Amino acid sequence: MFDFSSSWLDLPLIWGGLIAVAVLIYVLLDGFDLGCGILFPFAPSDQSRNTIMNSIAPFWDGNETWLVLGGGGLFAAFPVAYAILMPALYLPVILMLLGLIFRGVAFEFRFKTQGRDRKLWDASFHIGSVLAAFMQGIILGNLVQGVAVTQRSFSGGPLDWANGFAIVTGLALIFGYALIGATWLIWKSEGNTQDWARRVARYVSAYVVLGMLIVSVFMPLNDIRIQNLWFSLPNMLYLSVIPLMTMAAFLLLWRDLHSNRELRPFLMAVLIFLLGYLGVLISIYPWIVPYSFTVWDAAAVSTSQSLLLIGTVVFLPIILAYTAYSYYVFRGKTSDEIHY
Amino acid sequence: MAGLELDPVLLARLQFAFTISFHIIFPAFTIGLASWLAVVEGLYLKTGRQVYEDIYRMWIKIFAVCFGMGVVSGVVMSYQFGTNWSVFSDKVGNVIGPLLGYEVLTAFFLEASFLGIMLFGWGRVSKKMHFASTVIVAVGTVISAFWILSANSWMQTPQGFEIGADGLLYPTNWLEVIFNPSFPVRFFHMLTAAYLTTAFVIAGVSAYYLWRKLHVEHAKVMFSMAMLIAVFVSPLQLFIGHMHGENTMHHQPVKVAAMEGNWEQGGNKPLYLFGLPNEDTETTDYGITIPNGASWVLTGSGDGVIPGLKDVPKEERPPVATVFWSFRIMVGIGMAMIFTGVIASVLYFRKRLFDSPKFQLWCMAMTPTGFIAVLAGWFVTEVGRQPYSVYGVVKTSESISPVIAEQVLLSLVIFIVFYTLIFGAGSYYILKLIGKGPIESQQAEGYYEHGHETAAPLIAGDHQGAR
């Protein structure tokens, strides 16, 4: 039996970090393809819609696999956290999955149809993407507020998740994904589609700023621990780097959206997501079930975490390598070519 | 009113049964199809014959539809352990969590990334790289089956763990967990089932073309390959299934008793071809039997002792009729597959393999049987494990989440309605692709050449088309 737990190797912390990274990669990658779905009906033409679809069709499946890794990793490394959070977020999780189903099948079904039938799958793609994004935002909003727990189970009501703050985070994430989707399209398309994506990105980024402001104000007000963490010296000095960098990224993004830059807007959107995510992570650390189980309380037995760590150390670099290869294969501008 | 009270355990079981049954249809097909596509593309690279490329290009579209539906219904499964079976997840997470983690790390990413290249990479990567992608996807499906069947088999024949003072299960030996006693035989049984399922779909489709005298050249190639599987793999499956039965008798005797409809332990037990197991009278009524058959099949001798349902108290027995009948459906279909192989051999040696309309109609009728047999087989093994979720260790009734029944009912209804819609649409598009055949389906739908270098003139359309 492998067991790596020791004074110099904090397995629960490592696993908390790995799951956070998996979720971050998911948010960034599926973020841009969900964002494409959110913006889909507003595209200027059917050719544009084909371009959008083609730009993400080879990737969506791999992107979504990070969500499976997040769920599977949580189950494996923190079973009790998985066992509390899933019932607590029962309907949002089910509705998110439903949204992902509708947008996922739309890729293949859309290629098989024309006319009114295709419009049906276009709608399915859009509504599914919006629903999935909204529910993910609701899940995020509930995580930062914490869930009701008695012993090792969720003890709240079935609709606890439907609260004002969570609805705001839900809406904010829709705009967030739309921003990352729009900047992805600036990078991957040209001509009219690109012009449109640039206009949309400007419009959407204003809402993202608003959403991030509301969350940043609400979180410390809602929880005294978070308030103390961010607004006490000397933390405030170190942590102020995050909001300052976020502001700088927004300013650069805003400038880039008024220029001909193609890749940097996407990178800025990624950076904004990264910083926002980091802010949330710092706020809820070290809780994996806020605010009742820390990563150490919820950790699976160290032999289980050790076994999976071997697999992760071996396979994660390989996964990242062939994922990068697949993006390399489909590099450059996407065409709208579908000769039906 | 007691009658109106919703039973959350029953609802959660129904939901799991529905979503997993829906899901397994797609892997059962895509495991076989991926391997077959790899063979076809390999033959194309080796011979350069157009017919192989046409076949590949037709079936890859069907593969894409099925794989997509398999992915989205599979994501649901990875969260359902938590939503509906959270107590189970908490108790056994230490043991089976890592197995599922390994499935994601070693298989899911592999399949997903190279599927993109397989579907959209024609013309973007070299032919050899494209072939390699197909092979990698095929290997990925097998690795995925390895881990998920290991986890499932552990729930059937758990070992390599101990129960802590807190009631949770802790692993003591990973090799014992992964290679638990029922795993190897279950793995091969399922893999073979997947290959047979695919072969009979291909057989049915090509038989339809032969019968209608459409795409004859392509149909002959497909039909021959499918019949090769029917001839050699169906009898192999009978052998593997038999080993699986012996394995189950050793480790889960009550399940075998339910499969045989046998109530009293003893020798000289008959094999029921037909019968109605009655849980109240504890008898199997109206039996049409082969005397000593069950004893002979399971032990090799007519007076061999086989387990009976009465060996355990009533509350420890699975629902007998479901297990009994699912088993008969599975075995019946297996026999029909072997029969198909025998007829194919006879026709081949009479040089009439492609010329018998009756046999073509038979093969068309056999098209969906692989799916039915796979589902029936899973019903045998999963229902036969009841009332346990981890056999002998964790009861199903003690596995459920603390969620209210109405939530489970609502999500069950949502799944049934939308899965039916999506399944209907998917089946319709697949039938349309089959209807178009190997040539027209390419012309009608060129997304396969997504990103192909000839795209240049069409990019201009982007500028013109948009206002």
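For clarity, every value in this text was computed on a predicted model and none was experimentally measured.

Undergrad: I keep staring at the nonpolar core and nothing clicks. Help me out?
TA: Nonpolar side chains in soluble globular proteins generally cluster together in the buried interior. Residues Phe-78, Ala-81, Leu-97 and Ala-182 of chain A together with Leu-37, Phe-63 and Ala-203 of chain B are the most contacted members of the largest nonpolar core, which totals 256 residues. Ranked by the residues each element gives to this core, the list is headed by helix 3 (residues 86-120) of chain B, at 20 residues. When residues of this core are assigned to domains, at least three fall in each of domain 1 (8-180 + 404-461) and domain 2 (191-392) of chain B. Other than its neighbours up to four places away in sequence, Ala-182 of chain A contacts Gly-35, Leu-39, Ala-197, Val-200, Ala-201 and Val-204 of chain A.

Undergrad: It is not clear to me how the environment of Gly-164 of chain A should be interpreted in this structure. Could you clarify?
TA: You can see Gly-164 of chain A is positioned in helix 7 (residues 164-188). Put simply, Gly-164 of chain A and Gly-141 of chain A are 23 residues apart on the chain and 9.2 Å apart in space, counted from C-alpha to C-alpha.

Undergrad: Before we go on, may I ask you to explain helix 12 (residues 369-383) of chain B in this structure?
TA: In an α-helix, one turn spans 3.6 residues; hence positions three or four apart end up facing the same way. Residues and elements named next belong to chain B. An ideal rise of 1.5 Å per residue puts 21 Å on 15 residues; helix 12 measures up with 20 Å between its terminal C-alpha atoms. Where burial is concerned, most of helix 12 is hidden: 12 out of the 15 residues are buried. What helix 12 keeps buried is the set Thr-369, Gly-370, Phe-371, Ala-373, Val-374, Ala-376, Gly-377, Trp-378, Phe-379, Val-380, Thr-381 and Glu-382. On its buried side, helix 12 packs onto helix 1 (8-47), helix 4 (127-156), helix 6 (183-212), helix 8 (253-260), helix 10 (320-349) and helix 11 (357-366).

Undergrad: What's the story with the packing of helix 10 of chain B against helix 12 of chain B in this structure? I'm lost.
TA: A packed helix pair is summarised by two numbers, namely the angle formed by the two axes and the spacing between the axes. Residue and element names in this part refer to chain B. With their axes 8 Å apart at the nearest point, helix 10 and helix 12 run at an angle of 145 degrees to one another. In this structure, helix 10 crosses over helix 12, and the sense of that crossing is left-handed. Across from Thr-322, Val-323, Ser-326, Phe-327, Ile-329, Met-330, Ile-333, Gly-334 and Ala-336 in helix 10, the residues of helix 12 making contact are Thr-369, Ile-372, Ala-373, Ala-376, Gly-377, Phe-379, Val-380 and Val-383. Here the contact of helix 10 with helix 12 is composed, by residue class, of 12 nonpolar, 5 polar and no charged.

Undergrad: Please explain the packing of helix 6 (residues 115-145) of chain A against helix 7 of chain A as it appears in this structure.
TA: Residues and elements named next belong to chain A. Helix 7 packs onto helix 6 with a crossing angle of 135 degrees between their chain directions and a minimal axis gap of 7 Å. Relative to helix 7, the element helix 6 is oriented oblique. For the element pair helix 6 and helix 7, the recorded crossing hand is right-handed. Mapping the contact onto sequence places Val-130, Ala-133, Phe-134, Gln-136, Gly-137, Ile-138, Leu-140, Gly-141, Asn-142 and Gln-145 in helix 6 and Phe-165, Ala-166, Ile-167, Val-168, Thr-169, Gly-170, Leu-171, Ala-172, Leu-173, Ile-174 and Tyr-177 in helix 7. Residues belonging to the contact of helix 6 with helix 7 are distributed by class as follows: 14 nonpolar, 7 polar and no charged.

Undergrad: It is not clear to me how the domain arrangement of chain B should be interpreted in this structure. Could you clarify?
TA: One frequent convention defines the size of an interface as the accessible area lost when the parts assemble. Residue and element names in this part refer to chain B. Segmentation of chain B into domains returns domain 1 (8-180 + 404-461) and domain 2 (191-392). Each of domain 1 and domain 2 was reduced to a C-alpha centroid, and the two centroids are 24 Å apart. Each side of the interface is counted separately: domain 1 has 25 residues, and domain 2 has 27 residues. Put simply, the parts of the chain that give the side of domain 1 that touches domain 2 at least two residues each are helix 1, helix 2 (50-84), helix 3, helix 4 and helix 13 (405-444). At 10 residues, helix 1 tops the list of elements feeding residues into the side of domain 1 that touches domain 2. When the residues that make up the side of domain 1 that touches domain 2 are grouped by side-chain class, the tally is 18 nonpolar, 6 polar and 1 charged.

Undergrad: What is the right way to read the pairing of strand 4 (residues 283-290) of chain B from this model?
TA: Side-chain positions along a regular strand alternate between the two faces of the sheet. Residue and element names in this part refer to chain B. Where strand 3 (residues 271-278) meets strand 4, 6 bridges bridge the pair, whose relative direction is antiparallel. Bridging across to strand 4, Asn-278 finds its partner in Thr-283. The antiparallel hairpin formed by strand 3 and strand 4 contains 4 residues in its connecting segment, where Glu-282 sits at a positive phi of about 55 degrees.

Undergrad: How should the confidence of the model for chain B be read in this particular structure?
TA: Any residue range with low pLDDT should be treated as having predicted coordinates unsuitable for detailed reading. Residues and elements named next belong to chain B. Mean pLDDT over chain B: 89, with 93% of residues reaching 70 or higher. This stretch, residues 444-467, has a pLDDT under 50; its non-local contacts, to residues over four places away or in other chains, come to 52 contacts. Under the prediction, the complex receives an ipTM of 0.90, its pTM being 0.91.

Undergrad: Help me understand the interface of chain A and chain B, please; the structure alone is not making it clear to me.
TA: With 73 residues of chain A in contact, the opposing surface of chain B contributes 71 residues. Contributions of two or more residues to the side of chain A that touches chain B are made by helix 2 (46-56), helix 3 (60-77), helix 4 (79-88), helix 5 (90-111), strand 2 (153-154), helix 8 (191-222) and helix 14 (302-329) of chain A. Of all the elements, helix 5 of chain A adds the most residues to the side of chain A that touches chain B, at 14 residues. Broken down by class, the residue content of the side of chain A that touches chain B amounts to 41 nonpolar, 24 polar and 8 charged.

Undergrad: Sorry if this is basic, but what is going on with helix 7 of chain A here?
TA: Taking 1.5 Å of rise per residue, 25 residues should cover 36 Å, and helix 7 of chain A covers 36 Å from first to last C-alpha, within 8% of that figure. Counting buried positions along helix 7 of chain A gives 20 out of 25 residues, so the element sits mostly inside the fold.

Reading the values: the criteria
Residues numbered from 1 in each chain as written. Chains lettered and ligands numbered in written order. Predicted model: local features only at pLDDT ≥ 70, side-chain atom pairs only at ≥ 80, totals over all residues. Core = buried A, V, L, I, M, F, W, Y, C linked by C-beta atoms within 7 Å. Buried ≥ 20, exposed ≤ 12 C-beta atoms within 10 Å, placed from the backbone. Helix = DSSP H or I, 4+ residues; strand = E, 2+ residues; numbered from the N terminus. Domains from an automatic or database assignment. Contact = placed C-beta atoms within 7 Å. Expected span 1.5 Å × (residues − 1). Axes fitted to C-alpha atoms, helices over the stretch in contact; angles between N-to-C directions. Left-handed = near helix turned anticlockwise from the far one by under 90°. Nonpolar A, V, L, I, M, F, W, Y, C, P; charged D, E, K, R; others polar. Parallel < 35°, antiparallel > 145°, perpendicular 65-115°, else oblique. Pairing = 2+ DSSP bridges. pLDDT = per-residue confidence, 0-100.

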